[in-house]
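Chain by chain, the residues:
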Amino acid sequence: MSIAIVGGGVAGCYAAYRLRDAYAECVDIYEMSDRVGGRLWSAKLKGVAAPIELGGMFFSTLHENAHGLITKELKLPHSQVNWSRRNQFLRGKYLDDDDYADPGKVPYNLVGAEAKLSPEALLVHVLGLIVPDFKSLWPISQTPPASPRATFEHLRRLRHEGRPLYDCGFWNVLNDIASNEAYQLLTVTLGSVGLFRNSNAFDAVWNLMQEFGQQQFFKIDAGYQSLPQTLWDACADKVGRHLEHRLVRVDRAAHGLLLTFITPAGPQRRVADSLILAMPRRALQLIDFGDGVFDDAEGFARLRDESVDPAPACKVFMAFDRPWWDESVVGPASLTGADVSAAYTDLPMQQCYYFGVPQAGAPAVLMAAYADDTSSGFWRGLMHPSEPLCQNPVQDVPVALNCSSALAETARRQLDVLHDDIDVPTPSGAVFFDWNCDPFGGGWHAWSPRVRSWEVRKQIRNPAPGLYICGEAYAERHGWVDGAVNSAEMVLRCLGLGRPDWVDVNYEFER
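Residues numbered from 1 in each chain as written. Predicted model: local features only at pLDDT ≥ 70, side-chain atom pairs only at ≥ 80, totals over all residues. Heavy atoms only, no water.

1. Some details on the state of the cysteines
To be explicit about the condition: Throughout, disulfides are identified as pairs of cysteine sulfur atoms within 2.5 Å of each other.
Going through the model one piece at a time under the given rule, you end up with 0 disulfides. For the unlinked cysteine Cys 26, the closest cysteine sulfur is that of Cys 235, found at 14 Å. With no disulfide of its own, Cys 235 lies 7.3 Å from the sulfur of Cys 13, the closest cysteine sulfur.

Here's what the structure looks like:
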């Protein structure tokens, strides 16, 4: 059986890696760009040891499949992430989590039980109003009878004002149980505005609960992109690998599916018995499906387009000649940058990440903006073609990461506000990437309200004979590599492969 995999992100590379032995020399993987990785993109800065992560960054012990794949199967060198919250700049005031004990210091009119709670404690309070017994459920409790399946089923039965939780928008639920001031505070202090928008309330709660589970986070020392790259490289002898092949059309052939690609050498066509599309929603929308591929083409389009929504997101990294933000605590150079802290603000930059222990006099880098939702459009608006470009500090200088001088200066001014006692110098370079561009459509995805995600996952996994779809976009848990890998694993089950031995036997790929 010939199998074509389209998409060189982590899901596609994982599928190729797992199929390489079962269907040796019958598998081909195609990637539209000249790089492997998809939304995992690790770039090297001149003079800085640790790579910057333009996409995904971390994995955790709760991500059983990704954790097992990285640490047991591939044995990629990795480091524990020592995470901390630095401070916040909100509504013109500087504060840290300890300040929330004094309502007079907090520029939000929190009421009743909301008052005197730090942002994380406030989220715990809010989740407790939605799921009164959530502290006794997995993964907060990992003592039997608590389990993933039991928690999943419990949330499926849960109702809000008489309606199933999955029938509600998360923002609508929050509006019913918390003050608008509390809602505004949550959106600007916990890393992502999109987490609290009107995605499916069931899936939003399910994902947020897992953030509070007992877990440890890690990063791959060589960069997260080395995961799909390692999988890709491991397929060299048994899988056909093709870069710069953009799939534009799929037709039903006499036997299998006819695929039309645009390549540097012109259009090319291939026939495959089975096709795995390992790609996000927007990339699926860019493919022209011919008559006869689906029994109900309009039904597939509704399933594809109305089940999930992409989350706009972008990142700005800035390089400096010295670590001006931590010059008072400089120490030996950090080889992995696994010490990570973050500052939060309601400025358009949203988040600022600091990596590793700075070394006096050495070049240093920080993530000057990690913005999602409407803030990502703020940064995109500064990338007008007529704007001069800032110096690009990335080795090999990918054009896609060019940053305008206007954007870099705007980010520098916001850093200056965030660090009120420091005059932020001009950066030696900056890079910017907007994940809203084609073919990504966004940084991650979220299930839409009134969608039974557990049913859609099964329907879209094999929507037509010989056609399979996997990846983060329609995964159980959005925004994490583990979701993409698990989605691919379920497709591999359809093709007859068993559970890999690096995953715990008790792990459930599907609830």
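Let us keep going from here.
2. Concerning the pattern of salt bridges
In plain terms, the rule: Salt bridges are identified by distance alone: a Lys or Arg side-chain nitrogen within 4 Å of an Asp or Glu carboxyl oxygen. Strands are runs of DSSP state E lasting at least 2 residues, helices are runs of H or I lasting at least 4, and numbering of each runs from the N terminus. A 1.4 Å probe rolled over the protein chains alone gives each residue an accessible area, and that area as a share of the maximum for its type sets the label: buried under 20%, exposed over 50%, partly exposed in between.
Applying the stated criterion across every chain yields a total of 21 salt bridges. Two residues, Lys 238 and Asp 21, come together in a salt bridge whose shortest N-O distance is 2.4 Å. Here Lys 238 is found in the loop between helix H8 (226–234) and strand E12 (239–242), whereas its partner Asp 21 is found in helix H1 (residues 10–22), with 217 residues between them in sequence. Lys 238 sits in the partly exposed class, given a relative accessible area of 36%. When the shortest N-O distance is used, the salt bridge between Asp 309 and Arg 281 registers 3.9 Å. With Asp 309 in strand E18 (residues 308–311) and Arg 281 in helix H9 (residues 281–285), this pair connects stretches of sequence that are 28 residues apart. Salt bridges linked by common partners bring Arg 20, Asp 21 and Lys 238 together as one network.

3. Considerations on the packing of aromatic side chains
Which entries qualify depends on this criterion: Only Phe, Tyr and Trp rings take part, Trp by its six-membered ring, and two of them pair if their centres are within 6.5 Å. Stacked means planes under 30 degrees apart, edge-to-face means over 60, and tilted covers everything else.
Enumeration over the complete set of coordinates arrives at 31 aromatic pairs. On the numbers, 4.1 Å between centres and 15° between planes, the contact of Phe 294 with Phe 300 is stacked. Here Phe 294 falls in the buried class, since its relative accessible area comes to 10%. With a centroid separation of 6.2 Å and 50° between ring planes, the pair formed by Tyr 353 and Phe 355 is classed as tilted. On the basis of relative accessible area, Tyr 353 is assigned to the buried category, the value being 6%. Here the aromatic residues Trp 138, Phe 152, Tyr 166, Phe 202, Trp 206 and Trp 454 are joined through ring pairs into a cluster of three or more.

4. Focus: the sheet that holds strand E20 (residues 339–345)
Our working definition: Two strands make a pair as long as DSSP finds a minimum of two bridges between them. The convention used is that axes are lines fitted to C-alpha atoms, helices contributing only their stretch in contact, and that angles between N-to-C directions extend from 0 to 180 degrees. Contacts are assigned to residue pairs that have any heavy atoms within 4.5 Å of one another.
If you trace the 7 strands from one edge of the open sheet to the other, you get E8-E7-E20-E21-E22-E19-E23, paired in mixed fashion. Taken across any chain shown, the strands that pair with only one partner, and hence form the sheet edges, are strand E8 (93–95) and strand E23 (429–434). In this sheet, neighbouring strand axes are inclined to one another by 20° on average, regardless of whether the strands run parallel or antiparallel. Strands in contact with helix H6 (residues 180–189) are strand E7 (82–90) and E20; relative to E7, the strand with the most contacts, it is inclined by about 130°.

5. As for the side chain of Gln 210
Going by this rule: Counted as a polar contact is a pair of N or O atoms within 3.5 Å, where, for protein atoms, one must be capable of donating a hydrogen and the other of accepting one, and residues adjacent in sequence contribute only when both atoms are in side chains.
Within the fold, Gln 210 resides in helix H7 (residues 201–211). The class for Gln 210 is buried, based on a relative accessible area of 4%. A distance of 3.3 Å separates a polar side-chain atom of Gln 210 from the backbone oxygen of Trp 206.

6. Notes on helix H14 (residues 481–494)
Think of an α-helix as 3.6 residues a turn; residues three or four steps apart then line up on the same face. Condition: Take the number of residues in a helix, subtract one, and multiply by 1.5 Å to get its expected span.
Here H14 contains 14 residues, and its C-alpha end-to-end distance of 21 Å stays within 8% of the 20 Å for a straight helix at 1.5 Å per residue. Among the 14 residues in H14, 12 count as buried, and that is most of the element. Within H14, the full set of buried residues consists of Val 481, Asp 482, Gly 483, Ala 484, Val 485, Asn 486, Ser 487, Ala 488, Glu 489, Met 490, Val 491 and Leu 492. Where the residues of H14 are buried, they touch H1, helix H2 (64–73), H8, strand E16 (274–278), helix H13 (453–461) and strand E25 (467–470). Just downstream of H14, Gly 496 is the residue with a positive phi angle, here 95°.

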